[in-house]
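# Architecture and fold: a report
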Amino acid sequence: GIRNSKIIFLFKMDKKATFHITIESMVILILGVVFLGLGLTFLTVVYLGMEKSTDHAFDELTKHRIELLMSTDRQFDLEFYSIDLEENDRKIFFMIIKNKGLFDEEWQINHTVNSLGNEVDCDKLQIAYKNNIKLRSGEDTIPPLIIKSERDINPGTCLYELTAENNEGIIETLELTVNIK
């Protein structure tokens, strides 16, 4: 009988100690969850507010840039004819293609590049755009044009000649000057 009561006593003591640690752990856990929830709520409110304000500003700026580009009378035009790039830099701007005809048109966009100086290596510039564009009669499109420079590009000037040709043989040519600083 003594042996059994000793085991029960040890069991009760372990149970009491375990229960005491569990309450402390639960209090700490509940406080941690409350503070985590408050912190996440605060960050969500702050960052969502910032995101909405910057999205609105970017949309207004982009709309204004597109409206300016839409006012051109040319069938193929660029937002800028000259841009400045630094080492490891990227610029995004727009071009416009208008179908002024009565029938659907397909436009092919191509480019060539020449360096205006001995030191600049224009192959270290990357240019990206949509080169096959289909338009319905009276439709306009404003695809982006992206130019990116590499890290070790030398200063100088590169001259891009962008050519747009539709399926009727109409060719429009524009020059874009990229100054690397």
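For every chain, the first residue of the written sequence is number 1, and numbering continues from 1 onward in sequence order. In keeping with the predicted nature of the model, local features appear solely for residues at pLDDT of at least 70, side-chain atom pairs appear and are counted solely at 80 or more, and the whole-chain, interface and lining totals rest on all residues. Side-chain figures throughout are based on the complete set of non-hydrogen atoms in the structure, without hydrogens or water.

## Section: the state of the cysteines
- Two cysteine sulfurs form what is called a disulfide whenever their separation falls within 2.5 Å. Taken as a whole, this structure holds 1 disulfide when the rule is applied.
- With a sulfur-sulfur separation of 2.0 Å, Cys122 is cross-linked through a disulfide to Cys158. Between Cys122 and Cys158, the disulfide has an S-S torsion of -105° and is therefore left-handed. With Cys122 in the loop between strand 4 (105-115) and strand 5 (125-128) and Cys158 in strand 9 (residues 156-166), the pair connects residues that are 36 residues apart, well separated along the chain.
- Exposure is judged per residue with a 1.4 Å probe applied to protein chains only, and the accessible area is read against the type maximum: over 50% gives exposed, under 20% gives buried, and values in between give partly exposed. Since its relative accessible area comes to 0%, Cys158 is described here as buried. The way it works is that DSSP assigns letters per residue, a run of H or I at least four long becomes a helix, a run of E at least two long becomes a strand, and they are numbered from the N terminus.

## Observations concerning the environment of Thr141
- Among the secondary structure elements, Thr141 is positioned in strand 7 (residues 140-141).
- Overall, Thr141 belongs to the partly exposed group, its relative accessible area being 22%.
- Separated by 42 residues in the primary sequence, Thr141 and Asn99 place their C-alpha atoms 8.8 Å from one another.
- By definition in these notes, contact holds between two residues if any of their heavy atoms fall within 4.5 Å. Beyond its immediate stretch of four places on either side in the chain, Thr141 contacts Met95, Ile96, Ile97, Ile133 and Leu135.

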